Amino acid sequence: MRFHVVTLFPEAFEGATSYSILGRAVHRGLVSVTVTDIRKFTFDRHGTADDYQFGGGPGMVMKPEPIFRAVEDVLESLPPEEPDLIPILLMSPQGEQLNQRLIDELAVAPDIVIVCGHYAGVDERIRTGLATHEISIGDYVLTGGELAAMVVIDAVSRFIPDVVGSAENVHEDSITSGLLQHPLYTRPVEFRGMTTPEVLRSGNHAEIARWRGRQQSLERTLRLRPDLLRFAELSNSDRIYLEQ
Ligand code: 6GU
């Protein structure tokens, strides 16, 4: 998977993929992140990428030409593939909220272009004439799309084969299955008066599975994120349990 980020702040991505699972994926050639500086595609010697908005109002707007030219430069550098198969994401708080379904859809693309918005926003023609998706990472406003782009890169990369070790089955993760994760414990058994539940040390795998699934995942989801239950993969006995 090749991610191509188009941004006014390339330095925001320095080191972003140099550690842990993503760092290893980059090192192994499973993932690459290239960063294109929008300012290189501006016309004047000041590198002006923004301008006042027509109709007046506070806040600057990112101009269309530098972003179109930067994205077209990225597209021309790619190996020949169906151009309409390449997702061009516009990161903005007005976008569709990122979720697992969208991440699954993106994870099959060989190349993804990610445009980071800034200032009051981007010229509308970037939205209507360039981007294939407009994506937000939640209902709050960030100073720019860079952190949101890194969220997309991280979340999509987990679904690329071999990026995450097979011990962690990403398709059986919490959220992928639609429920919150059960509690995890490691040694020591007792820490500062807080003990590991007896059942996890019982060696009874059926009991452990029941405790994790029903008593913990399902109960936790019901308590903290009941909205998730509408789309969760539930067994018949889970449904009966919830209806009680
Ligand atoms: Cl993608 N960009 C900005 N600036 N703010 C956000 C966002 C994106 N997603 C949530 N808030």
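Residues numbered from 1 in each chain as written. Predicted model: local features only at pLDDT ≥ 70, side-chain atom pairs only at ≥ 80, totals over all residues. Heavy atoms only, no water.

> Account for the packing of helix 6 (residues 205-224) against helix 7 (residues 236-243), with residues named and values stated.
Two numbers describe how helix 6 lies on helix 7: the axes approach to 12 Å, and their chain directions differ by 55°. Judged on the interaxial angle alone, helix 7 and helix 6 are oblique. Here the hand of the crossing between helix 6 and helix 7 comes out right-handed. Contacts from Arg214, Leu218, Glu219 and Leu222 of helix 6 reach helix 7 at Ser237, Asp238, Tyr241 and Leu242. A breakdown of the residues in the contact of helix 6 with helix 7 according to their chemical character gives four nonpolar, one polar and three charged. (Axes fitted to C-alpha atoms, helices over the stretch in contact; angles between N-to-C directions. Helix = DSSP H or I, 4+ residues; strand = E, 2+ residues; numbered from the N terminus. Parallel < 35°, antiparallel > 145°, perpendicular 65-115°, else oblique. Left-handed = near helix turned anticlockwise from the far one by under 90°. Contact = heavy atoms within 4.5 Å. Nonpolar A, V, L, I, M, F, W, Y, C, P; charged D, E, K, R; others polar.)

> Would you mind going over the packing of aromatic side chains in detail, with residue names and values included?
The full count for this structure, using the stated rule, is zero aromatic pairs. The positively charged end of Arg214 is found above the aromatic ring belonging to Tyr241, 4.7 Å away from the centroid. (Phe/Tyr/Trp six-rings, centres within 6.5 Å; stacked < 30°, edge-to-face > 60°. Lys NZ or Arg CZ within 6 Å of the ring centre and 35° of its normal.)

> Describe in detail the pattern of salt bridges, supporting the description with residues and values.
Under the defined criterion, the tally for this structure stands at 11 salt bridges. For Lys63, the salt bridge goes to Glu65, with nearest N and O atoms at 3.9 Å. Close ionic contact of Glu124 with Arg127 constitutes a salt bridge, the shortest N to O distance being 2.6 Å. Here the residue Glu124 and the residue Arg127 both occupy positions in helix 4 (residues 124-129), the gap between them amounting to three residues, near one helical turn. The class of Arg127 is partly exposed, set by a relative accessible area of 23%. (Salt bridge = Lys/Arg side-chain N within 4 Å of Asp/Glu carboxyl O. Buried < 20%, exposed > 50% of the residue type's maximum accessible area, 1.4 Å probe, protein only.)

> Give me the site of the ligand: which residues, what numbers.
Residues in close proximity to the ligand total 13 residues, the closest being Ser92, Ile137, Gly138, Tyr140 and Leu142. Ile137 is positioned with one of its backbone polar atoms (N or O) 2.9 Å from a nitrogen atom of the ligand. One nitrogen or oxygen atom from the main chain of Tyr140 is found 2.5 Å from a nitrogen atom belonging to the ligand. Expressed as a share of its isolated accessible area of 290 Å², the protein-covered part of the ligand is 96%. Across the shell around the ligand, the residue classes break down as eight nonpolar, five polar and no charged. (Near = heavy atom within 4 Å. Polar contact = N/O pair within 3.5 Å; in protein donor to acceptor, adjacent residues only side chain to side chain. Areas by Shrake-Rupley, 256 points an atom, 1.4 Å probe, with all protein chains shown as cover.)

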